[in-house]
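Okay, here's what each chain looks like letter by letter:
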Amino acid sequence: MIPEQPHVVVAPGRTGLDDTSGGPLAGVRTAFTPVPGYLNAATMGLPPTETAYRLRMAVTGWQLGEATAAQYDEDVRRARQAYARLVSVPPSWVAVGAQASVQVGLVAASLPDDAEVVAIEDDFTSVLFPFLAQRDRGVSVRLVPLQRLADSIDAGTTLVAFSLAQSASGVVCDAAAVREAARRVGALTLCDLTQAAGWLPVAAGDFDVTVCAAYKWLCQPRGVAYLTVRPEVGDRLRPVYAGWYAGQDVWGSCYGPGMRLAGDARRFDVSPAWLCFAGAVPAMELFASVPTELIRDFDCGLADELRSRLGLPAQRRPVVVLDDPTGAVAARLSAAGAVVSSRAGRVRIAFHVWNTRTDVDLAASALLP
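Residues numbered from 1 in each chain as written. Predicted model: local features only at pLDDT ≥ 70, side-chain atom pairs only at ≥ 80, totals over all residues. Heavy atoms only, no water.

(A) Highlighting the confidence of the model for the protein chain. Per-residue confidence for the protein chain gives a mean pLDDT of 93, with 94% of residues at or over 70. Below a pLDDT of 50 lies the segment residues 1-21, which in the model reaches 49 contacts outside its immediate sequence neighbourhood of four places, other chains included. (pLDDT = per-residue confidence, 0-100. Contact = heavy atoms within 4.5 Å.)

(B) Molecular detail of the sheet that holds strand E10 (residues 346-350). Spatial strand order, E8-E10-E9: three strands in an open sheet with antiparallel pairing. Where the open sheet ends on each side, the last strands, each with one partner, are strand E8 (319-323) and strand E9 (341-343). Shown here is a sheet whose adjacent strand axes are inclined to one another by a mean of 30 degrees, direction ignored. Relative to E10, E9 runs antiparallel, the two sharing three bridges. Bridge pairing links Ser342 to Val347 in E10. (Pairing = 2+ DSSP bridges. Helix = DSSP H or I, 4+ residues; strand = E, 2+ residues; numbered from the N terminus. Axes fitted to C-alpha atoms, helices over the stretch in contact; angles between N-to-C directions.)

(C) Unusual backbone geometry, seen in detail. Although it is not a glycine, Ser88 sits at a positive phi angle of roughly 60 degrees. Checked against the element boundaries, Ser88 lands in the loop between helix H3 (69-87) and strand E1 (94-97). Here Arg316, not a glycine, exhibits a phi torsion of approximately 55 degrees, which is positive. Owing to a relative accessible area of 47%, Arg316 belongs among the partly exposed residues under this scheme. (Buried < 20%, exposed > 50% of the residue type's maximum accessible area, 1.4 Å probe, protein only.)

(D) How the structure looks around the state of the cysteines. Scanning the model with the defined rule gives zero disulfides in all. Considering cysteine sulfurs only, Cys191 is the nearest to Cys212, which forms no disulfide, with 9.8 Å between them. Note on Cys300: no disulfide assigned, nearest cysteine sulfur contributed by Cys219 at a separation of 15 Å. With relative accessibility at 1%, the residue Cys300 sits in the buried group. (Disulfide = S-S within 2.5 Å.)

(E) Fine view of H3. End to end, H3 covers 27 Å across 19 residues, agreeing with the expected 27 Å (1.5 Å per residue, within 8%). Within H3 the residues assigned to the buried category are Tyr72, Asp73, Asp75, Val76, Ala79, Arg80, Ala82, Tyr83, Ala84, Leu86 and Val87. Tucked inside the fold, the buried residues of H3 contact helix H2 (49-63), E1, strand E6 (209-213), strand E7 (225-229), helix H7 (274-287) and helix H8 (292-309). Just downstream of H3 lies Ser88, where phi reads positive at about 60 degrees. (Expected span 1.5 Å × (residues − 1).)

(F) Region of the structure containing helix H4 (residues 100-110). Among the 11 residues in H4, eight count as buried, and that is most of the element. Every buried residue of H4 is accounted for by Ala100, Gln103, Val104, Gly105, Leu106, Val107, Ala108 and Ser110. Tucked inside the fold, the buried residues of H4 contact E1, helix H5 (125-132), strand E4 (159-163), strand E5 (188-192), E6 and E7.

(G) Quick look at the packing of helix H9 (residues 328-335) against helix H10 (residues 357-367). Closest axis-to-axis distance for the H9/H10 pair is 9 Å, and the angle between their directions is 130 degrees. In terms of orientation, H9 lies oblique with respect to H10. For H9 against H10, the interelement crossing comes out right-handed. Touching Val329, Arg332 and Leu333 of H9 are Ala363, Ala366 and Leu367, all from H10. The residue makeup of the contact of H9 with H10, split by class, is five nonpolar, no polar and one charged. (Parallel < 35°, antiparallel > 145°, perpendicular 65-115°, else oblique. Left-handed = near helix turned anticlockwise from the far one by under 90°. Nonpolar A, V, L, I, M, F, W, Y, C, P; charged D, E, K, R; others polar.)

Structure (structure tokens):
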């Protein structure tokens, strides 16, 4: 027997940026159980209450022998469709998997031996390592500063790989300049949306390939990732992880050598972690239900309010990064009850839809003399 969803008590005074319950984001914000001081969406998003419930329900159903592959397939279908809506592409462009690095690895393994990849020198390693691992067969990787990425693309570039929003700093890449530079020389573009999708409006069709691990700003269980592939470049990618789930007829692809892969991006599917996708659906449909511009404005408004309190200029991004070579700043925030992260000698404070001015007050009080 599946347990009923528990009643969740929402703490008073945490229902909006101005502590009111109205506004176009009310439905999204009330979908989360408030966690005062949680300022760490850039590391791990909090699950919506429904996601946590669906995961518990899925585990119980599995325990009781009530789980079915057909229901899991429906979860994957719904998650795929919702992600397609969020990033403005057809569902046929979307493949599912578990980790961004695996999806980047698929692209890396598809490059010819003499390929040159241009990438950002201090980008997240899930974007870099899969290409660096191909150097023994002649693939070269040219690492450049973020500010010089577009200018570094030339006639010898096969592919440019980059995160749209940088993990360590939150800085957003000038994607339009990169796209234009790549287009001029016929280079492919691979864009990691992991630190962008969920707060920054993105159109995955602007890039040849995108990857996205969904456990950060999209608040889904770790083990859910999405890949988008423009149809005109699909034949240039090798489906190195092809298995039964990549078949045109999934349930007809379970045995024997008669490989007939899906004709669209599903050929790049990795057999999904079923329980993770059971939890992914409510979160993915939640974020696809409102214009991402509303989430961006809300998240960035809180972050810029903290910057203002600290005497820093507005940056219109939800991650506040402060120098912290000794870890003392992170320790002060932690002692005050804030959950943040330390990255590359800096402290990273990330605001998302569950946060309010109460969290701004908490962080400012910990940081100001």
